[in-house]
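A structural walkthrough
This is what each chain is made of:
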Amino acid sequence: MKLELIAFTQRGNALAEQLAKTLSDHGHQAFCTRDGLKAEAWAERAFSRSDGLIFVGATGIAVRSIAPHLRHKSTDPAVVVVDEGGQFVIPILSGHLGGANDLAREIAALIGAVLVITTATDVNGVFAVDQWARRQGLMVCNPERILSVSSRLLAGETVGFFSAWPIAGELPHGLYPVSREDAQVVLDLHRPEEDALWLCPKGVRVGMGCRRGTPAAALRTLLEEVLTQEGIPEKAVYALCTIDLKKDEPGLQELARERNVPLLTYSAQELAQVPGNFTPSPFVEQITGVDNVCERAALASGGTLLRKKTAKAGVTVALAMEELHLTWKEHL
């Protein structure tokens, strides 16, 4: 996670600096970034560019600082408060979807502090579907349905669950397997019935090819068209993939930036070694040295081909789904 820390006293600053270093040593990008700003101005800036905010100081200051910037539980960053003495760690915003609860757990373990979590599912030891989804790298596409699922589980009722992919381990208490049509929680690439909570993996690789100089608008148009036809949400795309001859293609680079996904490139030799039956093109092979770019690039790291090559206006698009490794163990 990209984390920004702020403190308000000499003692708090010392703890924030040490905590930023420790969190960075444990795989995060953590920085103390106050830069002379008042707390509210700092929070406004941090909200727009970071995954998590850590206030080292009073909870009241943190609450007043973030209040004007709250938007939605699905987009707000994680916010955690640590008192300047390092005695208590309190997640106060985006506990599950934003990862504040897990971040607070990590911080408490690192500094030997008392963890204070108030989320109802955590307090009552009930399965939190949104927290589990985040840990599995899944998107919650309709977060407004989280409350109905959590409320049923907190009331001791059961919830029907369907997944289009196998999940290792035993279903958590309160969940039971049902058909897609009867489920209250559906894990699938495609939208379920209106009243079901929809979990979707961000695991679609888009293989793309294009003529030199093709603008991003043309690439975007065909990609959106194909995703719509397949009923796949745009946010499910996690990478654009192509041949290394196109690594400097401005249109592809711009599209990757727009979608905040990497542009992954492969050599002709690497693409030729991808197993499978692909749509051949003698012209493409003459230019690139491999008979197909988009389908092979989409499957370059394995998975399942969802959509074979679609060509339009000098652009080709194919879709593949990466292999998922899901487990129930991480719901604890």
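Basis of the calculations
Per-chain numbering applies: the sequence of each chain, read as written, is numbered from 1 onward. Only residues with pLDDT of at least 70 get local features here, since the model is predicted, and only at 80 or more are side-chain atom pairs given and counted; chain-wide, interface and lining totals rely on the full set of residues. To get the side-chain values, all heavy atoms of the structure are used, and hydrogens and water are removed first. A run of H or I in DSSP becomes a helix once it reaches four residues, and a run of E becomes a strand once it reaches two; helices and strands are each numbered from the N terminus. The buried label applies to any residue whose accessible area, calculated with a 1.4 Å probe on protein chains only, is under 20% of its type's maximum; exposed applies above 50%, and partly exposed to all values in between. Residues are treated as being in contact if the distance between any of their heavy atoms lies within 4.5 Å. All accessible-area figures derive from a Shrake-Rupley calculation using a 1.4 Å probe, and residue coverage is judged against the displayed protein chains alone. The sign given to each residue is positive for Lys and Arg and negative for Asp and Glu; His and the chain ends receive no count. Taken as the charge location is NZ of Lys, CZ of Arg, CG of Asp or CD of Glu. Should a side-chain nitrogen of Lys or Arg be within 4 Å of a carboxyl oxygen of Asp or Glu, the pair is scored as a salt bridge. A 3.5 Å cut-off defines polar contacts: any pair of N or O atoms within that distance qualifies, except that in protein one atom must be a possible hydrogen donor and the other a possible acceptor, and neighbouring residues in sequence count only when both atoms are side-chain atoms. The disulfide definition used here is simple: a pair of cysteine sulfur atoms within 2.5 Å. Paired strands are those between which DSSP finds at least two bridges. Whether a crossover is right-handed comes down to one check: with the strands pointing away from the viewer, does the path from the first strand over the helix to the second run clockwise; if it does, it is right-handed.

Once that is clear, we can look at the overall build of the chain. Across its full length, the chain holds 12 helices and 18 strands. Over its C-alpha atoms, taken along the principal directions, the chain stretches across nearly 70 × 50 × 30 Å. By residue count, 48% of the 332 residues in the chain fall in the buried class. Of the contacts formed within the chain by residues at least 6 apart in sequence, a portion of 62% connects residues at least 24 apart. In the structure as shown, the chain presents an accessible area of about 16000 Å², 51% of it carried by carbon and sulfur atoms. Charge separation in the chain, taken as the distance between the mean sites of 33 positive and 39 negative side-chain charges, equals 4 Å.

Attention now moves to the side chain of Arg205. Inspection of the secondary structure puts Arg205 in strand S13 (residues 204-210). Summary of buried charges: Arg205 has no salt-bridge partner, and the nearest side chain of opposite charge, Glu322, is 6.7 Å away. In this structure the side chain of Arg205 is engaged in a polar contact, spanning 2.9 Å, whose partner is the backbone oxygen of Ala298. A distance of 3.1 Å separates a polar atom in the side chain of Arg205 from a polar atom in the side chain of Ser301.

Moving on: the state of the cysteines. Any covalent bond linking the sulfur atoms of two cysteines counts as a disulfide. Scanning the entire structure with this criterion turns up 0 disulfides. Here Cys294 stays unpaired: no disulfide links it, and the sulfur of Cys241, its closest cysteine neighbor, is 11 Å away. In this structure Cys294 comes out as buried when scored by relative accessible area, which is 1%.

Turning to the pairing of strand S17 (residues 315-321), a few remarks are in order. Counting buried residues in S17 gives 7 out of 7 residues, a clear majority hidden from the surface. Here S17 shows two buried faces, one formed by Val315, Val317, Leu319 and Met321 and the other by Thr316, Ala318 and Ala320. Where strand S16 (residues 304-312) meets S17, 6 bridges bridge the pair, whose relative direction is antiparallel. Counterpart to Thr304 in the pairing with S17 is Met321. With antiparallel pairing between neighbouring strands as the criterion, S16 and S17 make up a hairpin whose turn holds 2 residues, including Ala313 at a positive phi of roughly 55°.

When you tally the buried positions in strand S14 (residues 237-243), you get 6 out of 7 residues, the bulk of the element. A crossover links S13 with its parallel partner S14, the connecting element being helix H8 (residues 216-230), and its sense is right-handed. Relative to strand S15 (residues 263-266), S14 is paired through 4 bridges, and the arrangement is parallel. Pairing of Cys241 across the sheet is with Leu264, part of S15. Following the backbone out of S14, through helix H9 (residues 250-259) and into the adjacent parallel S15, one traces a crossover that is right-handed.

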